[in-house]
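# Fold and contact review
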Amino acid sequence: VQLQASGGGVVQAGGSLRLSCAASSSSFSRYYMGWFRAVPGKERQFVAAIRTGSERTFYTDSVEGRFAISRDNAKKIVYLRMNSLKPEDTAVYYCAGGQRLVSDGYYARASYNYWGQGTQVTVSS
C-alpha cells in the first residue's frame, strides 16, 4: 500500500487545515488508518486513528475536540480536519495504515505497516 499525504501548510494560531492521505490499494477499506506527527529530535507520536468502517475513532488527549479523523473508502482517502490550531501542533504529519494491532492498539507505531511521506504543518503564534 502506498500512501500520499497532502494538505499541510502554514497557518496562524486558531486557524484550520485539512490533511488528506490517498491510498493506492484497492484493499484500503480493510485497513485501519492513523495520523502521527513528529518534531525534530523526537519520535513520531500518535494523533488520531479510525477503524475500517469509521465506526470508531481515537485521539490523543491534546487534540481531542479540535481534530477530527474521517475516511472515504470509495475514494480511498483518509482525512484529518484540524481546528483551533496551536503553535504546539507544529510538526510533520504522517498518515499510516495497518491490519494487525500490537498490544498498545491503535496508539502504537508498531500497529501500522504502511506510512506516507509526511506533510509539514506550521502554526504561527
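Before going into details, it helps to say that this report is about the structure given with it. Everything numeric here is computed off the predicted structure, so don't read it as measured data. (Residues numbered from 1 in each chain as written. Predicted model: local features only at pLDDT ≥ 70, side-chain atom pairs only at ≥ 80, totals over all residues. Heavy atoms only, no water.)

### A look at the side chain of Ser25
Formally: Under the DSSP-based scheme used, a helix requires at least four consecutive residues in state H or I and a strand at least two consecutive residues in state E, with every element numbered from the N terminus. Throughout this description, a polar contact denotes any pair of N or O atoms lying within 3.5 Å of each other; where both atoms belong to protein, one of them has to be capable of donating a hydrogen while the other can accept it, and for residues adjacent in sequence the pair is counted only when both atoms sit in side chains. Whether two residues are in contact is decided by their heavy atoms, any of which lying within 4.5 Å being enough.
Note on placement: Ser25 falls in the loop between strand 3 (17-23) and strand 4 (32-38). A polar contact is formed between the side chain of Ser25 and the backbone nitrogen of Ser27, at a distance of 2.9 Å. Here Ser25 is in contact with Val1, Tyr31 and Lys76, once residues within four sequence places are set aside.

### Section: the environment of Tyr32
Rules: Relative accessibility under 20% of the residue-type maximum defines a buried residue, over 50% an exposed one, and the middle range a partly exposed one, all with a 1.4 Å probe and only protein chains included.
Summarising the element assignment, Tyr32 is placed in strand 4. For Tyr32, a relative accessible area of 6% translates into the label buried. Between the alpha carbons of Tyr32 and Lys76 there is a distance of 12 Å; along the sequence they are 44 residues apart. Polar contacts involving the side chain of Tyr32 include one to the main-chain carbonyl oxygen of Arg100, which spans 3.1 Å.

### So, the state of the cysteines
Using the following cut-off: The disulfide definition used here is simple: a pair of cysteine sulfur atoms within 2.5 Å.
One pass over the structure, following the stated rule, counts one disulfide. Each sulfur of the disulfide joining Cys21 and Cys95 lies 2.1 Å from the other. Its S-S torsion of about 60° marks the bond between Cys21 and Cys95 as right-handed, since a negative value means left-handed. Within this pair, whereas Cys21 is found in strand 3, its partner Cys95 is found in strand 9 (residues 91-98), the two being separated by 74 residues in sequence. Exposure remark for Cys21: the relative accessible area of 0% places this residue in the buried category.

### Things to note about the pairing of strand 8 (residues 77-82)
Selection rule: One requirement defines pairing of two strands: DSSP has to find at least two bridges between them.
The buried count for strand 8 comes to five of six residues, which makes it a mostly enclosed element. Pairing of strand 3 with strand 8 involves six bridges; the strand directions are antiparallel. Among the inter-strand pairings, Ser20 is bridged to a residue of strand 8, identified as Tyr79. In the sheet, strand 7 (residues 67-72) pairs with strand 8 via six bridges, with the strands oriented antiparallel. Paired with Asp72 across the strands is Ile77, a residue of strand 8. Taking the residues between adjacent antiparallel strands as the criterion, strand 7 and strand 8 are bridged by four residues, where Lys76 takes a positive phi near 60°.

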